[in-house]
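A structural walkthrough
What follows is each chain in one-letter form.
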Amino acid sequence: MAKEPVRVLVTGAAGQIGYALVPMVARGIMLGADQPVILHMLDIPPAAEALNGVKMELVDAAFPLLKGVVATTDVVEACTGVSVAVMVGGFPRKEGMERKDVMSKNVSIYKAQASALEKYAAPNCKVLIVANPANTNALILKEFAPSIPEKNITCLTRLDHNRALGQISERLNVQVSDVKNVIIWGNHSSTQYPDVTHATVGDKPVPELVKDDAWLKGEFIATVQQRGAAIIKARKLSSALSAASSACDHIRDWVLGTPEGTWVSMGVYSDGSYNVPAGLIYSFPVTCSGGEWKIVQGLSIDEFSRAKLDATAAELTEEKALAYSCLS
Ligand SMILES: NC(=O)C1=CN([C@@H]2O[C@H](COP(=O)(O)OP(=O)(O)OC[C@H]3O[C@@H](n4cnc5c(N)ncnc54)[C@H](O)[C@@H]3O)[C@@H](O)[C@H]2O)C=CC1
Ligand SMILES: O=C([O-])CC(=O)C(=O)O
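Conventions used here
- Within each chain, residue numbers correspond to sequence positions counted from 1 in written order.
- For naming, the first written chain is A and the first written ligand is 1, with later ones following in the order written.
- With the structure being a predicted model, the display of local features is reserved for residues of pLDDT at least 70 and the display and counting of side-chain atom pairs for 80 or more, all residues being used for whole-chain, interface and lining totals.
- Any residue whose backbone-placed C-beta atom lies within 6 Å of a molecule or strand is treated as near that molecule or strand.
- Under the grouping applied here, Gly and all other residues not named as nonpolar or charged are polar, the nonpolar ones being Ala, Val, Leu, Ile, Met, Phe, Trp, Tyr, Cys and Pro and the charged ones Asp, Glu, Lys and Arg.
- Where each domain begins and ends follows an automated or database-derived domain assignment.
- UniProt positions are given in the numbering used here, feature names are shortened, and annotations may be inferred rather than shown by experiment.
- Any residue pair is listed as a contact if its two C-beta atoms, each placed from the backbone, are within 7 Å.
- Helix numbers and strand numbers start at the N terminus; a helix is a DSSP run of H or I with at least 4 residues, a strand a run of E with at least 2.
- Two strands are said to pair when DSSP picks up at least two bridges between them.

1. So, the site of ligand 1
Inspection of the region around ligand 1 gives 29 residues, with G12, G15, I17, G89 and S238 positioned closest. Of the residues in the shell around ligand 1, the class split is 16 nonpolar, 12 polar and 1 charged. Formed jointly, the shell around ligand 1 draws a minimum of three residues from each of two domains, domain 1 (6-155) and domain 2 (157-322).

2. Section: the UniProt feature "binding site: NAD(+)" (unreviewed entry) in the protein
Here, the residues flagged by UniProt with the feature "binding site: NAD(+)" (unreviewed entry) are G12, A13, A14, G15, Q16, I17, G18, D43, N106, V130, A131 and N132. With residues up to four places along the chain from it excluded, the contact list for A13 reads G18, V22, M41, L42, D43, L51 and V54. For Q16, the position within the fold is in helix 1 (residues 16-26). Contacts of Q16, omitting those with residues within four sequence positions, involve L237, S238 and A240.

3. Brief notes about the domain arrangement of the protein
How large an interface is tends to be reported as the accessible area lost when its parts come together. Under the domain assignment used here, the protein contains domain 1 (6-155) and domain 2 (157-322). A C-alpha centroid distance of 23 Å is found between domain 1 and domain 2. At the junction of the two partners, domain 1 supplies 29 residues and domain 2 supplies 29 residues. For the side of domain 1 that touches domain 2, the elements supplying multiple residues, two or more each, are helix 1, strand 4 (84-87), helix 4 (99-120), strand 5 (126-129), helix 5 (134-143) and strand 6 (153-155). Of the residues in the side of domain 1 that touches domain 2, the class split is 19 nonpolar, 5 polar and 5 charged.

4. Remarks on the sheet that holds strand 11 (residues 204-205)
Strand order across the open sheet formed by 3 strands is 7-10-11, with antiparallel pairing between neighbours. Each having just a single partner strand, strand 7 (179-180) and strand 11 make up the two edges of the open sheet. Where strand 10 (residues 200-201) meets strand 11, 2 bridges bridge the pair, whose relative direction is antiparallel. Opposite T200, over in strand 11, you have P205 as the bridge partner.

5. Some details on the environment of R158
Relative to the helices and strands, R158 is located in helix 6 (residues 158-172). When the C-alpha atoms of R158 and V264 are compared, they prove to be 7.2 Å apart, with 106 residues separating the residues in sequence. With near-sequence residues (within four places) excluded, R158 lies in contact with S246, D249, H250, V264, S265 and M266.

Put into structure tokens, the structure is as follows:
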């Protein structure tokens, strides 16, 4: 028997990432090739015409799994009945703006959208925040949607995870699918810590194969941390293709499970694991099963890694304080 369609919300759907993401969702890349979907697309009134253009293209593409499209600038209509919410819409930093100004705009957007999701989304809706500052937007959404379980609110660091896999695969000249268990710790920002201490290719540890600690602790980390900026410099636009693909990876693994023996990175609510302060949205290694993520426990953390985990936690603590100061 055919499955019931799942309602998937994409905010900022008229933007760069939205435009790359909605066809992937409609093709079954996010929820599976046998899962029909109804797409809910939200953007702001100045983007309404462009949003309608995206809707027209979705109709024209005749996706067999796509059972309906809601394109709207009304946040209540957008959130009603959704089981998956991918929050891509946000206020970008503009020339001359201070960090606090950008934070203040996004805090008010995520506060309002949190309330709408809480009231109108399906129970147990899974939320993925992509828009920057992704971890802190997720924290604000959590604060203002207290009835959504905190385990349902996550942010995207899978793009950073995939970037780390890509860099190791290029360096070792191996297939990217053979590289496993890198970790992104912390913030989706330039303080994130891409960690290959526990990564493998086949049954061999990546550090043993690379045999170049200076590269692993220097250029590799910096390349992954700065990759978003490098793409923006090259394209003059954000990394829309890879962000959209990674958002699909994040939701797919969360809903359908991670393969045996592998973990992925997700920004999730910290419970104090690895001595990361509780109450931050922080990227950890996780496994997923039965629609739930679980932080991988018991990994050894050396002195170098400890300092990196703490530095990115310190930045998130500072961002949290800044976000809260925008609320008052
Ligand atoms: N977490 C991650 O790995 C990544 C995050 N990003 C972030 O994703 C976000 C989107 O990037 P792009 O698509 O390139 O930007 P974009 O500027 O092309 O699109 C953003 C869209 O959001 C809409 N928007 C603004 N305020 C909104 C609101 N209140 N409700 C609904 N929609 C709203 C805009 O009208 C626009 O259509 C940015 O914040 C970017 O920094 C980008 C790449 C990777
Ligand atoms: O810095 C940005 O806006 C883009 C970004 O997050 C990324 O590509 O990782």
